[in-house]
Amino acid sequence: MRKWYHRKRQPPVHVLENCSFAIDPGKLTVLMGMSGCGKSTLAYLLAGYISPDQGTLTIDGAPITGPGPDRITVFQETALWPWMTVMDNVTFGPMALKSLPEAQARSKAEALLIKFGLIDFRDKYPGQLSGGMKRRAELAQALINSPRIMILDEPFRGLDVMTRELMQEYYMGLFEETRLTTLFITSELEEAIFLADRLLVMGGTPSRVVKTVEVDLPHPRTFEVLTGERYLEIKKELMEELYRDEAVAAVVVQ
Amino acid sequence: METVLRLMQNRRFWSMCAGFLGFFAVWYGSVKWVPLAPFGRLPDPVKVISEWLNPNPVFGISIFVKTYYYHILYSTYRATTAFFLALALGVPLGILMGWSRKFSDFASALLALLRPVPPLAWVPLAILILRGGEAAVIFVCFLVAFFATVLNTHAGVKSIDPDYFRAAACLGASRKDVLFDVIIPGALPNIFTGLQIAMGAAWFALAAGEMIAAQYGLGFLIMEAYNLVQTPTIVIGMATLGILGYISSAIIRLVGNRLMRWREEVIGVKS
């Protein structure tokens, strides 16, 4: 499977130029960059809400023309519908697509909710959940559709540090289990290295993928890798790349 | 018995009572002791209440008189008919305006121009077109309630977070799913705000309409009592309108809370 982006021109803001990369099946690809560099634009492009001005995006050679349930996007802000219970939120996808009969959708949702530790909250409304629980409910809402690709746009943003780390570890376990092709977008370096099989760094204005790093940290991955030598090597390499941009900017400012 | 006991222990209940008592005291005092002619023409609260509860009312209207209930029934019938017409036409129109950009372009300019026309300015035209008071009064009430409903429903649809639409599209929702699972529930809080305003506006227009063009109803009662200088009856009519308005808006609030349990429970957790 290959996906390609080339050039996204969006007058008057030129977001992406000559931006091209591939996501491999069964891998967790992390897209990293500073805020405002066009990461979310990429997520919207992939989800199919907007289309590129030049170039194409393809899944297995077929171009993306609009939103579709083969790709599920989880956005920065929580998008659980506050007027539906957790159960109704999770079963929304299969019910809308009529891909599963209701009873089956419910039992599948229940299995997911058990896995996500939310089964006792199935009849609660999102407003009654904590931030981390909402994020898990969203993951369940996405996963129930058995998408071919998951796109996570800074899914843990806005969570406190501890919840965030818990969610990362949790998510890692989930990914190792499902091996669902994933594009994970983040602006946090540690999170990026911890999760990634392949790390794409975005930079420049208009931005493009400036660096690709294959992260060869061992699986199953726990937080122990964050103290390993290989992790520090990768981090150093990436920081050099990121701060080179910064240094240039600083000179310009002066 | 238990509810009464609980009420007795409730601070808010006593505050409310104190508010009423204060109001009546000021009313009584200004009529009885302020040596100004305008206050002298007011009936004092004791006079009003004793007339209201009098089996043989001096001016013909009390809770023991059949005619009183005719007035209430007529007014309630007109206000609720107008309200339900506004609900049946206003909510779908507001949703349609929020759902379809094109439709909104057609309708919003027209609404923006028609809405500022004061309701009473419609009365003469309504009487001419509808040939008579009854339909004209209902029409005028309907009109004000309708504008409140449409505009609030439309605002409600507009206020729905675009993320909710995106998420629905992402999960493969059809336009129909979006309508029933995103637009309607998402707009519901505003719709109910609109309905509360609509009900209030309907009563407001009703009293005015009945004063001009009706043979029954509380507005008519007030106007007739005015012509005959029966001041206690005027106040009875006003107070009855207040009570009916309060009851109707309480019913709407109750239905709204029932339909929006998700909201209540969220608030319940936070407070």
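See the structure printed just above.
Residues numbered from 1 in each chain as written. Chains lettered and ligands numbered in written order. Predicted model: local features only at pLDDT ≥ 70, side-chain atom pairs only at ≥ 80, totals over all residues. Heavy atoms only, no water.

(A) Quick look at the nonpolar core. Formed by 126 residues in total, the largest nonpolar core has its most connected members in Trp81(A), Tyr171(A), Ile193(A) and Leu199(A). With 18 residues, the top contributor of residues to this core is helix H10 (residues 175-213) of chain B. Residue contacts for Tyr171(A): discarding those within four places in its chain leaves Leu28(A), Leu139(A), Leu152(A), Phe156(A), Thr182(A), Phe184(A) and Leu195(A). Among the nonpolar cores identified, the runner-up in size contains 21 residues, and Leu45(A), Leu57(A), Ile59(A) and Leu200(A) belong to it. (Core = buried A, V, L, I, M, F, W, Y, C linked by side-chain atoms within 4.5 Å. Buried < 20%, exposed > 50% of the residue type's maximum accessible area, 1.4 Å probe, protein only. Helix = DSSP H or I, 4+ residues; strand = E, 2+ residues; numbered from the N terminus. Contact = heavy atoms within 4.5 Å.)

(B) How the structure looks around the interface of chain B and chain A. At the interface, 20 residues of chain B touch 26 residues of chain A. Surface buried jointly by chain B and chain A totals about 2,100 Å² across both partners, of which 70% is contributed by carbon and sulfur atoms. Among the residues chain B hides against chain A, the three largest losses belong to Cys170(B), Leu171(B) and Trp262(B). Together they make up 33% of the total. At the junction of chain B and chain A, the tally comes to zero salt bridges. Inspection of the chain B/chain A interface yields four residue pairs in polar contact (both at pLDDT 80 or more). The set of elements that each furnish at least two residues to the side of chain B that touches chain A consists of helix H9 (162-170), H10 and helix H13 (261-270) of chain B. Tallying contributions element by element places H9(B) first for the side of chain B that touches chain A, with seven residues. Across the side of chain B that touches chain A, the residue classes tally to twelve nonpolar, two polar and six charged. (Buried area = accessible area lost by both parts, 1.4 Å probe. Salt bridge = Lys/Arg side-chain N within 4 Å of Asp/Glu carboxyl O. Polar contact = N/O pair within 3.5 Å; in protein donor to acceptor, adjacent residues only side chain to side chain. Nonpolar A, V, L, I, M, F, W, Y, C, P; charged D, E, K, R; others polar.)

(C) Just the pairing of strand S9 (residues 198-203) of chain A, in detail. All names here are of chain A. Extensive coverage of S9 is indicated by the burial of six of its six residues. The sheet contact formed by strand S3 (residues 28-32) and S9 spans four bridges and is parallel. For Leu-31, the partnering residue across the bridge sits in S9 and is Leu-200. Relative to strand S10 (residues 208-214), S9 is paired through six bridges, and the arrangement is antiparallel. Following the sheet pairing, Gly-203 is matched in S10 by Arg-208. (Pairing = 2+ DSSP bridges.)

(D) Broad picture of the pattern of salt bridges. Residue and element names in this part refer to chain A. Across all of its chains, the model carries 19 salt bridges over all chains by this definition. Of the charged contacts, one joins Lys-39 and Glu-154 as a salt bridge, the two residues approaching to 3.8 Å between their closest N and O atoms. Here Lys-39, found in helix H1 (residues 39-47), pairs with Glu-154, found in the loop between strand S7 (149-153) and helix H5 (161-178); they are 115 residues apart in sequence, far enough to count as distant. A relative accessible area of 3% means that Lys-39 is categorised as buried. With a shortest N-O distance of 3.9 Å, Glu-240 and Lys-236 are connected by a salt bridge. Here Glu-240 pairs with Lys-236, and both are found in helix H7 (residues 229-253), just four residues apart, close to one helical turn. Its relative accessible area of 49% is what places Glu-240 among the partly exposed residues. Given the relative accessible area of 55%, Lys-236 is considered exposed.

(E) Expanded view of H9(B). Taken together, the buried positions of H9(B) are occupied by Asp163(B), Tyr164(B), Ala167(B), Ala168(B) and Cys170(B). Taken down its axis, H9(B) places every buried residue within 160° of arc, on the same side. For H9(B), the secondary structure elements touched by its buried residues are strand S6 (71-74) and helix H2 (86-97) of chain A together with H10 of chain B. The residue sitting at the N-terminus of H9(B) and contributing the capping side-chain oxygen is Asp161(B); that oxygen lies 2.9 Å from the backbone nitrogen of Asp163(B). Positioned one or two residues after H9(B), Gly172(B) has a phi angle of 85°, which is positive. (Arc of directions from axis to C-beta.)

(F) Spotlight on the packing of helix H5 (residues 66-99) of chain B against H10(B). Residue and element names in this part refer to chain B. At a minimum axis distance of 7 Å, the contact between H5 and H10 shows a crossing angle of 145°. The element H5 and its partner H10 pack so that their crossing is right-handed. In this structure, H5 contributes Tyr-74, Ser-75, Thr-76, Arg-78, Ala-79, Phe-83, Leu-87, Val-91, Ile-95 and Trp-99 to the contact, and H10 contributes Arg-175, Leu-179, Ile-183, Ile-184, Ile-191, Leu-195, Ala-198, Met-199, Ala-202, Trp-203, Leu-206 and Glu-210. Considering only residue class, the contact of H5 with H10 consists of 17 nonpolar, two polar and three charged. (Axes fitted to C-alpha atoms, helices over the stretch in contact; angles between N-to-C directions. Left-handed = near helix turned anticlockwise from the far one by under 90°.)

(G) Seen up close, unusual backbone geometry. Phi is positive for Arg179(A), close to 55°, though the residue is something other than glycine. With respect to the helices and strands, Arg179(A) occurs in the loop between H5 and strand S8 (181-186). Despite not being glycine, Val229(B) has its phi angle at roughly 50°, a positive value. Following the sequence through the fold, Val229(B) ends up in the loop between helix H11 (218-227) and helix H12 (231-259).

(H) Focus on the packing of aromatic side chains. All names here are of chain B. According to the stated counting rule, one finds 20 aromatic pairs over all chains in the structure shown. A centroid spacing of 5.9 Å and a plane angle of 50° characterise the contact between Phe-23 and Trp-27, whose relative ring orientation is tilted. Of this pair, Phe-23 and Trp-27 both sit in helix H2 (residues 11-32), four residues apart, which is roughly one turn of that helix. Positioned above the aromatic ring of Trp-99 is the side chain of Arg-175, whose terminal nitrogen or guanidinium carbon lies 4.5 Å from the ring centre. (Phe/Tyr/Trp six-rings, centres within 6.5 Å; stacked < 30°, edge-to-face > 60°. Lys NZ or Arg CZ within 6 Å of the ring centre and 35° of its normal.)

(I) Region of interest: the sheet that holds S8(A). Residue and element names in this part refer to chain A. An order of S6-S7-S8-S3-S9-S10 is seen for the six strands of this open sheet, with the pairing classed as mixed. Sheet topology places S6 and S10 at the edges, where each strand pairs with a single neighbour. Pairs of neighbouring strands in the sheet enclose a mean axial angle of 20°, with direction left out of account. Sheet strands touched by H1: S3, S6, S7, S8 and S9. Its angle to S7, the strand with the most contacts, is close to 150°.

(J) Looking closely at the environment of Thr73(A). Looking at the element boundaries, Thr73(A) is found in strand S6. For Thr73(A), a relative accessible area of 8% puts it in the buried group. When the C-alpha positions of Thr73(A) and Leu46(A) are compared, they lie 8.6 Å apart, and in sequence the two are 27 residues distant. Dropping the residues within four chain positions of it, Thr73(A) is found in contact with Ala47(A), Ile151(A) and Cys170(B).

(K) Representation of the packing of H2(B) against helix H4 (residues 45-52) of chain B. Residue and element names in this part refer to chain B. Interhelical geometry of H2 versus H4 gives an angle of 110° and a closest axis separation of 8 Å. The orientation of H2 with respect to H4, classified from their angle, is roughly perpendicular. Counted together, Phe-24, Trp-27 and Tyr-28 of H2 and Pro-45, Val-46 and Val-48 of H4 form the full contact between these two elements. Residue composition of the contact of H2 with H4, grouped by class: six nonpolar, no polar and no charged. (Parallel < 35°, antiparallel > 145°, perpendicular 65-115°, else oblique.)

(L) Quick look at the environment of Ser104(B). Residues and elements named next belong to chain B. Within the secondary structure layout, Ser-104 lies in helix H6 (residues 101-114). Residue Ser-104 is classed as buried on the basis of its relative accessible area of 8%. Taking the C-alpha atoms as reference, Ser-104 lies 8.7 Å from Gly-94; in sequence the two are ten residues apart. If sequence neighbours within four positions are ignored, Ser-104 has contacts with Met-97 and His-154.

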